[in-house]
Structure formats: C-alpha cells, structure tokens
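# Descriptive structure summary
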Protein chains: 2
Amino acid sequence: MRSREVRLERRPNGSPVRDDFSFGEVDLPDPGPGEVQVRNLWMAMDPAMRGRMSEARSYVPPFELGKAMEGPAVGEVVASNDPNFVPGDLVWSRLGWREGFTAPANKVEKRSRDLPPQAYLGFAGMTGLTAYVGLLHSAALKPGDTVFVSAASGGVGSVVCQIAKLKGHKVIGAAGGERKKRYLLDVLKLDGAIDYKAEPSLTKALAREAPEGIDVYFDNVGGEHLQAALAIANKYARFALCGMISQYNSTEPSAAPRNLTAAVTKELTLQGFIALNHLDKMDAFLADVRAWHAAGLLTPAETVYEGLDRSLEAFDGLFDGSGLGKMLVKIA
Amino acid sequence: MRSREVRLERRPNGSPVRDDFSFGEVDLPDPGPGEVQVRNLWMAMDPAMRGRMSEARSYVPPFELGKAMEGPAVGEVVASNDPNFVPGDLVWSRLGWREGFTAPANKVEKRSRDLPPQAYLGFAGMTGLTAYVGLLHSAALKPGDTVFVSAASGGVGSVVCQIAKLKGHKVIGAAGGERKKRYLLDVLKLDGAIDYKAEPSLTKALAREAPEGIDVYFDNVGGEHLQAALAIANKYARFALCGMISQYNSTEPSAAPRNLTAAVTKELTLQGFIALNHLDKMDAFLADVRAWHAAGLLTPAETVYEGLDRSLEAFDGLFDGSGLGKMLVKIA
C-alpha cells in the first residue's frame, strides 16, 4: 500500500505558511509480527499541533523535520499480524497527517462501530470527555443552573452546550460572528447566543441574555469572557476553567479579568482542569455519550475538509475563526 | 453611668480626617424591662467601617451623622433587667465606639471567661473563623501542604499562619516592612517570610522561600500576590480567596494577575468565601480554638491603643500599614 503524507519541512515563524510543509509518498511495509497496517479514514486538527511545529520543549516532543506530522486519527485495519486485530477493525491512533501506516499494535486502540468513526475524534473522544468532565465534575452542574459557555460553537463548547441542554438547562453561548451565533440558536437550540464581535460590552450582552444571572460558566477563552462571567455570576456560581485561548497568541497578557474580587464576594469556585487527568471517568462518559447519541440528542459540530490535500486548510481553520466545531479531514 | 462616644459628623472625602468626627458624652438610662447596661472593655477596628462612613448603599446601612458609630466590641454587664443576664457577664456586641450603652438584651451575646475578653474580637471571633474556614474548608488543607499566606501579620493572616504551623505545615508569609517580616519569623516562627516592599519580584521571592512550590494559598490581597502564588503553585494547589485588599482603594483595577492560565494548566481550585456564610462551623471552630489556646499554641497578633481617645488613631492603623495584627482599642 502506498501512503501520501504531510511533512514538516521547516519550523514556522509566526503563522505557518504553505512552504513550511511538503507532501510526500511512501510504500508501507507489510505488518511484521505484532504489527498492523491501517488505512486512515479521518483525522482531527488540534491547536496543540502548532506547538509541536516549534522547537520549544513541552510535555510532548516537537515534530521532526522532514517527517510526517502526528495527530489524532481514526482508521481501519487492512492487514494484521497481531492476534488482537483483524482486517476491518476500527482503530484510533495519533498517526494522522498520512493516508495509512504500518505500526506496532500498541500504537492503535480499537473502537466500536456503533458510533460514526469521526465521533471518536469529537464528541466521543477527548473533546467530548473535556466537555463532560468540565461541566459535570469541575463545574458540578446541578438542577436549575443557568449555564454560560464561551467558544460555544467550537469542538468542546458545542458538546458542553448540548449536554447542558439535554439535561434541561438554560444555556447561553458566546461565539464570534453571525454565522456561529445562528448555529447556536438554530442548530444547538440554545436559549441565548452572543456574537462577541458584534457586542460593545460582553458583560451587558450576557446580562441581557441571562437576566437571572449565571450559575455555571464553562471557560474556553479567559479575558473579557471571564470578566463578563464574573460580573454576571450568581452567588456560589462555579466556573470550569478549560482553556484561555484569548491568552495563547497574545504577546502582552490581557489585563482582563479586572473584577476577580467578585470571586470573593460571590463565593465563587474557579476550577481549572485537564481532561487527560480524568481518564477514570471515560467509561461513564462513553456510556452516557452512546445513550445520548442513540437518542438523537448529540449533533456533531464539525467542519469537514475532504482529502488529505486539504489538511493544511483545515489546520488554518483552527486559528482564523472560519471553522465551526471540530476541524476534521476526511482522508478516505 | 456617663458614656463618652465617637460620632460621625460628616462623610469623609477620601481618607477620613479628624474633623469628620466628634467626641460626645451621654447619660445612659437605667435598663428597662428586657434591657441590659454594658460597660465596654475592648473594641476592634474593621475596614468595613470605612464603607459605612460613606453614603453608598451596601449590605449594611451607612452610619448616621451626629450619632455614635458602631463596631465589634466586648464588654461587661453592669446592670440587667433581663432574666438571661447578670452583672459581670462578658458580652459581645456591635455597639463599639462608646464607653457603654443600655440596650435590648438581644443586642448582646454572652461569651465565656475562659478566653481573654479581646480574643472574641480576634482569634476567637469572626477574624479567627475566617482564618479557620478559609484554610481548612475552602483550601482544604491536607498533610504535607506547603502554605503561603498574604497579609500574614494581619488579623486574619496571623491566625491562618498559626493554625497551619500548629498542624505541622511549612508556612511562608508575606507582609509589608521589615518589622512585620521579623514578627512572622521571630514570633509566629514561620518557615519563610517575605517583605513584599523590599522585593523587586514577589514571584522570585516566593520561589526562593518555597523551592518545592506551594499547595495552599490564603489570599487576603489579590493582585501581585495572587500572581506570584499562581506562578509558584504546584499541580492541584488550592487557593482560598478571602479578600483582595490591593483592589479596594485603587481607582484603576489592577492588571494582575496576568497568569490566570496557570489555573488551567495546573488544575488549580480558586475558592472565594465569606466566613459569615459558614456560621455552621462556629462550634467546631470554638472547640478547636479553646484547645489550641489552652495549649499555648495561639499568639494573639494585636496592636492595642489605650483609651477611647485613641480610637481614631487605631482606625488609621488599619490603612496606613503601621499596625500589626488586629487593631484593638482598650476602652476600660
């Protein structure tokens, strides 16, 4: 089997450009003992990939120059030399950015066919677990809570919104642009939506959408969104701090929030969390997700790019605000 | 009985000045049915008094012009026309700023004599309960934690430090000035002390005193102190947010902390709290405090001003940084 792949050719300076990458093709060897050969079906884009394109040390090593990059992918076993896998098995791996691979069987994890394959890159994967853990555990959602979600049309945010809605809550989402706002109202059926780019004051917009205040805030953004949530929070509100994307690309850290004293006077709980440290909740999460999906209660929020050729475009979609939901590449 | 008292004569514009107040004297009536007459022994200064000198609405009404102000006090019943009190009873009330008063018995609360009277204005009062609840409940102190306390020589901070020390923890305190730093090291026997006025970087100073990181931060200050704590916090550290005095008098809210993303990556818990909402823990608190005091484990941190005449000086001590621990006036 031949496999096309996307390689990192030089470390990007600022925003990655086309010439930082190349497309190559390799012959995949037949699987040796304990190995499998996989044809990738889908891959997902992940902001952490940008970090690995740089040389800087992190908790994962940088991508190697001249080699195929990596990232979450779902594929199908086409040949197996390992007793645990047979051709046709659906598997998850970190070996995206390529049409296929031959690798040791411990590099892939089997997934069941009862969900669409790309679900394991979205609502039934780490994205979904992040939403689930943050909303139900870190923010300890309870009956009657009004929920505010920033980056609500994104991969994680859209799942947070849907879990809160299916549990019967009033949900307000914020996102950038009229198209995303319409998505929140028309597709996810949220009770209120804020286009933060069109609002002179996020705090006033949130007060308008949630005149009763908010009890839970799922923070993907930090900065002005967090400031608005602090201002409008009810007594004892709980904030799940999932990420502060407003801070990632700024050279000068934001001065917001300027009203953190609200955490004292309102006795708020601000809980930072990383889903990777909550893998013990994976089984409960998957059981819930399967039931919700079977009942038609989960709408995957995804932007699909067809073909490996469009993978760099999908990557750009992570950062330019054009994409809605999870950025996915349909490889085959 | 004659009683001298301190009256608010006009609402201060910025920092209060002497002419905003007057001293007067009244004849106290004999107690009518259901009333007691009390001679005040001690009163405590409280930053909330500044708020009540202004006209602005708050959760308590402003002081009335031309009348004696109010504040926490401990006194002795001298005459009683109520079956629940006899002369000699020690009582706590909100009727400070005066040598004595005649009032309905429900305006006073009996206190036992097994602690020094002024303890009920400090480590055995709301000040102590604030320290206790914040450290043990909001920050959920657990064995092995390294504890950082800001405003550590203050009324609340000094009790936090002592509870953490008597429970065997490593404790680092921050305060302003060499005298307070010496107090933390020499009297409270802390493991490390930071004079924040003498340190070009609070973060570097904290890293130096706690090279192993901090697990609990008791925040009385906010701003740069909170920023340093976020920077040096260990994974899963817990912050009790008690007050952000750095923000109270500033017209332009501080831009710090600029590193709130640390709450996500380190999965921190930031818990705001107000002791008044934890009165259910009062009995457990008092039992512990009595035992610790009997064992000689609590050193009251207090600055004592002798005589009602010095009460305005004691009040200034709250804000000019000159006072150490609780600002107390010994009235009789």
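Conventions used here
Residues numbered from 1 in each chain as written. Chains lettered and ligands numbered in written order. Predicted model: local features only at pLDDT ≥ 70, side-chain atom pairs only at ≥ 80, totals over all residues. Heavy atoms only, no water. Helix = DSSP H or I, 4+ residues; strand = E, 2+ residues; numbered from the N terminus. Rg over C-alpha atoms; globule rule 2.2 N^0.38 Å. Buried < 20%, exposed > 50% of the residue type's maximum accessible area, 1.4 Å probe, protein only. Contact = heavy atoms within 4.5 Å. Areas by Shrake-Rupley, 256 points an atom, 1.4 Å probe, with all protein chains shown as cover. Lys, Arg positive; Asp, Glu negative; His and termini not counted. Charge placed at Lys NZ, Arg CZ, Asp CG, Glu CD. Least-squares fit on C-alpha atoms with pLDDT ≥ 70 in both. Pairing = 2+ DSSP bridges. Axes fitted to C-alpha atoms, helices over the stretch in contact; angles between N-to-C directions. UniProt positions renumbered as here; feature names shortened; annotations may be inferred. Buried area = accessible area lost by both parts, 1.4 Å probe. Salt bridge = Lys/Arg side-chain N within 4 Å of Asp/Glu carboxyl O. Polar contact = N/O pair within 3.5 Å; in protein donor to acceptor, adjacent residues only side chain to side chain.

Under an unreviewed UniProt entry, the name given to chain A is NADP-dependent oxidoreductase, and the source organism is Sphingomonas montanisoli.

## Looking at the overall build of chain A
Looking only at helices and strands, chain A features 10 helices and 15 strands. Here chain A has a C-alpha radius of gyration of 21 Å; the compact-globule value for 332 residues is 20 Å, and the two agree. The principal-axis extents of the C-alpha atoms in chain A amount to approximately 65 × 45 × 35 Å. The 332 residues of chain A split such that 56% are buried. Of the contacts formed within chain A by residues at least 6 apart in sequence, a portion of 65% connects residues at least 24 apart. Approximately 14000 Å² of chain A is accessible, and the part contributed by carbon and sulfur atoms is 51%. Averaging the positions of the 38 positive and the 40 negative side-chain charges in chain A gives two centres separated by 3 Å.

## Thoughts on the relation of the copies chain B and chain A
Mapping chain B onto chain A calls for a rotation angle of 180° and an axial translation of 0.0 Å; the resulting RMSD is 0.0 Å. The superposition operator between the copies reduces to a two-fold rotation axis.

## Details of the sheet that holds strand S12 (residues 233-241) of chain A
Overall, mixed pairing links the 12 strands, which are arranged S10(A)-S9(A)-S8(A)-S11(A)-S12(A)-S13(A)-S13(B)-S12(B)-S11(B)-S8(B)-S9(B)-S10(B) in an open sheet. At either end of the open sheet lies a strand with only one pairing partner, and these are strand S10 (192-195) of chain A together with strand S10 (192-195) of chain B. Ignoring strand direction, the axes of neighbouring strands in this sheet form an average angle of 15°. One ladder, built from 4 bridges, connects S12(A) with strand S13 (residues 269-272) of chain A; its direction is parallel. Bridging from a neighbouring strand, Ala240(A) pairs with Gln271(A) of S13(A). Most of the contacts of helix H4 (residues 178-187) of chain A go to S10(A), to which it runs at about 170°, and overall it touches strand S9 (170-175) and S10 of chain A. This element, helix H6 (residues 223-232) of chain A, spans strand S8 (146-149), S9, strand S11 (214-219) and S12 of chain A of the sheet and lies at about 150° to S12(A).

## Focus on the UniProt feature "transmembrane region" (unreviewed entry) in chain A
Here the UniProt feature "transmembrane region" (unreviewed entry) sits at residues 119-140 of chain A. Counting secondary structure, residues 119-140 of chain A comes out at 59% helix and 0% strand; the distance between its end C-alpha atoms is 25 Å.

## Looking at the interface of chain B and chain A
Listed per partner, the contact involves 29 residues of chain B and 29 residues of chain A. Across the interface of chain B and chain A, roughly 2200 Å² is buried in total on both sides, 57% from carbon and sulfur atoms. When the buried surface of chain B facing chain A is broken down by residue, Arg258(B), Val264(B) and Glu267(B) rank first, second and third, together holding 25% of it. Where chain B packs against chain A, one counts 0 salt bridges. Put simply, chain B and chain A have 11 residue pairs in polar contact (both at pLDDT 80 or more) between them. It is strand S13 (residues 269-272) of chain B that provides the largest number of residues to the side of chain B that touches chain A, a total of 4 residues. Taken together, the 3 bridges between S13(A) and S13(B) define a ladder with antiparallel strand orientation.

## Side note on the environment of Asp316(A)
Note that Asp316(A) resides in helix H10 (residues 311-319). Residues Asp316(A) and Ser15(A), 301 residues apart in the sequence, show an inter-C-alpha distance of 8.9 Å.

## Description of the pattern of salt bridges
Residues and elements named next belong to chain A. What the rule picks out here adds up to 46 salt bridges over all chains. Across the salt bridge formed by Lys110 and Asp89, the nearest N and O atoms sit 3.6 Å from each other. Highlighted residues: Lys110 in strand S7 (residues 108-111) and Asp89 in the loop between strand S4 (73-80) and strand S5 (90-93), separated in sequence by 21 residues. One salt-bridge network, in which partners are shared between bridges, spans Arg2, Glu25 and Asp27.

## Considering the environment of Asp280(B)
All names here are of chain B. Tracing the backbone shows Asp280 in the loop between S13 and helix H9 (282-294). Asp280 gets classed as exposed once you look at its relative accessible area, which sits at 62%. Taking C-alpha positions, Asp280 is 27 Å from Val171, a pair spaced 109 residues apart along the chain.

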